[in-house]
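Here's the letter readout for the chains.
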Amino acid sequence: MALIRRLVRALLLLLWFLILTVWVALVNRKKGWDGVAKAAAWTRLWARGSARIAGHKITVYGNPEAFEGGLIVGNHQGYLDIVAHASIFRIRFAPKKEIRSWPFLGFMISLNRPVWIDRKSRQKSKEAAEEMEATMQNGIAMLVYPEGTSTDGQHGLLPFKSTPFEAAAELALPIQPTLLFYEGVPKQTEPLAWYGDQELLPHVWRILGLKEIKMRVYVLPVVHPEPGEDRKALALRVHDLMEREYWRVKDDV
């Protein structure tokens, strides 16, 4: 049964990707910020369809529609986070440039017109920060995972990188913290999180065989930068808020 489920889902996801690729190529030819905004809208459609095909059951706590734009911050457990967050918010991604070479997902994220992050180049990092700033100034929400890498999601949050908070601190842009948990994962099973040295394709193949994946996304209170607060202080304040909420709700998951 699991093999049939994998094959059917893989074929349906491929078909869904192809349909959206053709649709984006034909419809979203706009350049500039109008084109980026439309890409954020179609990305939510892509994510919702993909989640439905793959059996993701996403429960949202809080009101994501109340967030009118700025920086969205999430804890990071792998590529499934991207689908979950994109199904909830209209967003522009800021993924690491290595994701560009991933099969299917890298190509689909490219259609979102993301801000690619190259942490090995100081100049590229500066350019990325400027692009993120311009994106949010034009009313398009940016999604970042400031832990900088994915984790197993079971031991709290890693310290946040402060660079993604620079534009929000300088322009006093609102920040929407979120927390994502996989619900009811038996301890004896392999983790749903994709982290460490796990290979991507075997993990995807295993995930496709699961009957369903339950996720909880907590939309926390919006954080507003304080006057004179720099990016490091802001990143630490958001991290501490999310860390407290993480341990408060984790036992219920």
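Scroll up a little and you will see the structure.
Please read these numbers as outputs of a predicted model, since none were measured by experiment. Residue numbers restart at each chain and count upward from 1, following the sequence in its written direction. Reporting of local features is limited, given that this is a predicted model, to residues whose pLDDT is at least 70; pairs of side-chain atoms are given and counted only at 80 or more, and all residues count toward the totals for whole chains, interfaces and linings. Excluding hydrogens and water, the side-chain values take into account all heavy atoms of the structure.

Draft legend 1. Fine view of the overall build of the chain. Think of it this way: any DSSP run of H or I at least four residues long counts as a helix, any run of E at least two long counts as a strand, and we number them from the N terminus. Each helix and strand in the chain was counted, giving eight helices and six strands. Overall, the chain shows an N-to-C arrangement of helices and strands of α-α-β-β-α-β-α-α-β-α-β-α-β-α. It is over C-alpha atoms that the radius of gyration is taken, and the globule rule equals 2.2 Å times the number of residues to the power 0.38. Its C-alpha radius of gyration of 18 Å places the chain within 12% of the 18 Å reference for a compact globule of 253 residues. By its C-alpha atoms, the chain is 60 × 45 × 35 Å across when sized along the principal axes. Relative to its full complement of 253 residues, the chain shows a buried share of 51%. In what follows, a contact means two residues having at least one pair of non-hydrogen atoms within 4.5 Å. Of all intrachain contacts in the chain linking residues separated by at least 6 positions in sequence, the fraction that spans at least 24 positions is 75%. Summed over its atoms, the accessible surface of the chain is roughly 13100 Å², and 56% of this surface lies on carbon and sulfur atoms. Neither His nor the chain ends contribute to the count of charged residues, in which Lys and Arg are positive and Asp and Glu negative. Each charge is placed at NZ for Lys, CZ for Arg, CG for Asp and CD for Glu. Computing the positive centroid from 34 side-chain charges and the negative centroid from 27, the chain places the two 8 Å apart. For every residue, the accessible area obtained with a 1.4 Å probe (protein chains only) is divided by the maximum for its type, and the residue is called buried under 20%, exposed over 50%, and partly exposed between those limits. Accessible surface area values rest on a Shrake-Rupley calculation with a 1.4 Å probe, where residue burial reflects the displayed protein chains alone.

Draft legend 2. Summary view of the side chain of arginine 9. Relative to the elements of secondary structure, arginine 9 occurs in helix α1 (residues 2-27). We count a salt bridge whenever a side-chain nitrogen from Lys or Arg sits within 4 Å of a carboxyl oxygen from Asp or Glu. Glutamate 212 provides the closest opposite charge to the buried, unpaired arginine 9, separated from it by 7.6 Å. Beyond its immediate stretch of four places on either side in the chain, arginine 9 contacts Ile53, Ala54, Gly55, Ile207, Leu208, Leu210 and Lys211.

Draft legend 3. View of the environment of leucine 171. Topologically, leucine 171 is positioned in helix α6 (residues 166-171). Along the sequence, leucine 171 and proline 225 sit 54 residues apart, while their C-alpha atoms lie 8.7 Å from each other. Apart from residues no more than four positions distant in its own chain, leucine 171 is found in contact with Glu133 and Gln137.

Draft legend 4. Just the sheet that holds strand β1 (residues 56-61), in detail. Read across the sheet, six strands follow the order β1-β6-β5-β2-β4-β3 without closing on themselves; strand pairing throughout is mixed. If you trace the sheet from one side to the other, it starts and ends with β1 and β3 (91-93), each paired once. Here the strands of the sheet are splayed against their neighbours by 30° on average, with no regard to which way each runs. As paired elements, strand β2 (residues 71-74) and strand β5 (residues 175-182) share four bridges and run parallel to each other. By the bridge assignment for β5, isoleucine 72 is matched with glutamine 176. Each axis is a line fitted through C-alpha atoms, and for a helix only the stretch in contact is used; angles between axes span 0 to 180 degrees, taken between their N-to-C directions. Running over the sheet, helix α2 (residues 32-54) touches β1 and β3 and is turned about 90° from β3. Packing against the sheet, helix α5 (residues 122-137) makes contact with β2, β3 and β4 (141-144), and its axis sits at approximately 140° to β4. What makes two strands pair is DSSP finding at least two bridges between them.

Draft legend 5. View of the pairing of strand β6 (residues 213-219). Most of β6 is tucked away, with six of its seven residues classed as buried. Pairing geometry for β1 and β6, over six bridges, is parallel. Bridging from a neighbouring strand, histidine 56 pairs with isoleucine 213 of β6. Direction of pairing for β5 relative to β6: antiparallel, over a ladder of five bridges. Following the sheet pairing, phenylalanine 181 is matched in β6 by arginine 216.

Draft legend 6. Examining helix α3 (residues 79-88) more closely. Taking burial as the measure, the 10 residues of α3 include 10 buried ones, the bulk of the element. Taken as a whole, α3 has its buried residues at Tyr79, Leu80, Asp81, Ile82, Val83, Ala84, His85, Ala86, Ser87 and Ile88.

Draft legend 7. Quick look at the packing of α1 against helix α7 (residues 200-208). Put simply, α1 and α7 touch, their axes get as near as 8 Å, and they point 110° apart. Relative to α7, the element α1 lies roughly perpendicular. The residues of α7 that touch α1, namely those facing Leu3, Arg5, Arg6, Leu7, Arg9, Ala10 and Leu13, are Trp205, Arg206, Ile207 and Leu208. Each residue belonging to the contact of α1 with α7 can be placed in one class, and the counts come to seven nonpolar, no polar and four charged. An angle below 35 degrees is treated as roughly parallel, one above 145 as roughly antiparallel, one from 65 to 115 as roughly perpendicular, and anything else as oblique. Residue polarity follows a fixed list, in which Ala, Val, Leu, Ile, Met, Phe, Trp, Tyr, Cys and Pro are nonpolar, Asp, Glu, Lys and Arg are charged, and the others, Gly among them, are polar.

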